[in-house]
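An overview of the molecular structure
Residues per chain are reported as follows:
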Amino acid sequence: MMPSMLPTYRGGNYTTNTENVRQLWNDVGSCPNRTVAIRRTKIEDVLRAGSLSQFGKKKLSYRSSSLASPPQGHEHAIAYPESTQNQIYGTKATFNIWNPDVEVSGEFSLSQLWVIAGSYGNSDLNTIEAGWQVCPLIYGDNSTRLFIYWTTNNSVAIGGALSPVSTYGGMQYEMTLLVWKDPGSGNWWLKFNDALVGYWPSELFTRLSSYATSVNWGGEIVNTSPNGVHTSTDMGSGRFPAEGFRKASYIRNLQNVDSTNTLYPVQSISTYADHPNCYDVKSYKDTDWGVSFFFGGPGKNSLCT
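Predicted model only: the values in this text are computed from it and were never measured. (Residues numbered from 1 in each chain as written. Predicted model: local features only at pLDDT ≥ 70, side-chain atom pairs only at ≥ 80, totals over all residues. Heavy atoms only, no water.)

What to know about the sheet that holds strand β6 (residues 109-117)
The condition that has to hold: Here a strand pair is declared whenever DSSP counts at least two bridges between the two strands. Segments assigned H or I by DSSP are reported as helices when at least four residues long, segments assigned E as strands when at least two residues long, and all are numbered from the N terminus. In this description, a line fitted to the C-alpha atoms serves as the axis of each element, helices being fitted only across the stretch in contact, and the angle between N-to-C directions of two axes falls anywhere from 0 to 180 degrees.
Pairing is antiparallel across the open sheet formed by six strands, whose spatial order is β8-β7-β6-β13-β4-β16. Edge strands, defined here as strands with exactly one partner in the open sheet, are β8 (145-147) and β16 (269-273). Between one strand and the next, the sheet's axes are offset by a mean angle of 15°, whatever the strand orientation. Sheet topology places β6 next to strand β13 (residues 214-222); eight bridges connect them, and they run antiparallel. Bridging from a neighbouring strand, S111 pairs with G219 of β13.

Here it is, written out as structure tokens:
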């Protein structure tokens, strides 16, 4: 199955001195056409999750301007559009890729986008989430991996390790994600760089069956407070956003999709950090990157205990 059409773009051209990331498994093989590439699940993966029913599940969590308080243990540094537009049909952004340290196996660190409709308060929350993460509990290692939910194609594997990763003060490696609602089928599609990955059938959703009401981009970690103090799990590169390019994690060229299936540049954003002394976020804008932001931090430090 293919989408009926890709979103068209309305806006300027952006440039940056970076390179696209790739998936390591492509170095040793590929899957036949019309098959699905999925990371192999081992019995050890299921045992780490505690039960088969819990395997592969990401605990419900997102942080937005409308959420009164974050879920316990989850900490965020995010951005969201300042515009009051309440019908959104997709979003696109470019992420630099890092390999953050995760202190204990029960924690994770990720950088992602959220496409959101509904709310916790009304018990009708729908989200679509995609990005990169380090999650030893799920994968049994500390590799940086692409994550989403449900379907994929035969050259991009969900859970596949991403490589190379960015280095502090050195080369920055990126991926671009586009999630949009196909106007023909109504399904929500994912594009990873230039590859169509797959889709979430519209029938999966209640509130997202028509459109999204908000989008977020940013970082999230889980803090289990090991030894009774704040975790030292990194968010992003493990550096605060004030350090900027080649040092801090970023998400750039924020764009949304409107009802005409057109991508348009986000004009302005608001930012929020649950614990800015641990992980912070700072907006940025120029002609090359459009509306963007830096985010992240080291977790435990003299001001974050």
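Brief notes about the packing of aromatic side chains
This is how it is decided: Stacked, tilted and edge-to-face are the three classes applied to pairs of Phe, Tyr and Trp rings, where Trp contributes its six-membered ring and a pair requires centres within 6.5 Å; stacked means planes under 30 degrees apart, edge-to-face means over 60, and tilted covers the rest. Accessible area is worked out with a 1.4 Å probe on protein chains only. A residue is then buried under 20% of its type maximum, exposed over 50%, and partly exposed in between. To sit over a ring, a charge needs its Lys NZ or Arg CZ within 6 Å of the ring centre and within 35 degrees of the ring normal.
Using the criterion set out here, one finds 10 aromatic pairs in the structure. Pairing Y89 with Y211 gives two aromatic rings, centres 6.0 Å apart and planes at 55°, and the pair type is tilted. Placement of Y89 in the loop between β4 (74-81) and β5 (90-96) and of Y211 in the loop between β12 (195-200) and β13 is noted, with a sequence separation of 122 residues between them. Under the relative-accessibility criterion, Y89 is labelled buried at 17%. For Y211, a relative accessible area of 27% gives the class partly exposed. Judged by centre distance (5.9 Å) and plane angle (80°), the ring pair of Y250 and F294 falls under edge-to-face. Here the residue Y250 occupies a position in strand β14 (residues 249-257), and F294 occupies one in strand β18 (residues 290-296), the gap between them amounting to 44 residues. F294 carries the same exposure label as Y250, and that label is buried. A connected cluster of aromatic rings, assembled from ring pairs, spans F245, Y250, Y284, W289 and F294. If you follow R239 out to its NZ or CZ, it ends over the ring of Y168, 4.0 Å from the centre.

Some details on the confidence of the model for the protein
For clarity, the cut-off: Each residue carries a pLDDT score, the predictor's own confidence in it, on a scale running from 0 to 100. Between two residues, a contact is recorded if the distance between any of their heavy atoms is within 4.5 Å.
In the predicted model, the protein carries a mean pLDDT of 84, and the fraction of residues at 70 or more is 78%. Low pLDDT, under 50, characterises residues 51-69; the stretch is placed with 47 contacts to residues that sit more than four places away or in other chains.

What about the environment of W289?
Among the structural elements, W289 can be located in the loop between β17 (280-286) and β18. Classification of W289 by relative accessible area gives buried; the value is 7%. Sequence separation between W289 and N253 is 36 residues, and the spatial gap between their C-alpha atoms is 5.3 Å.

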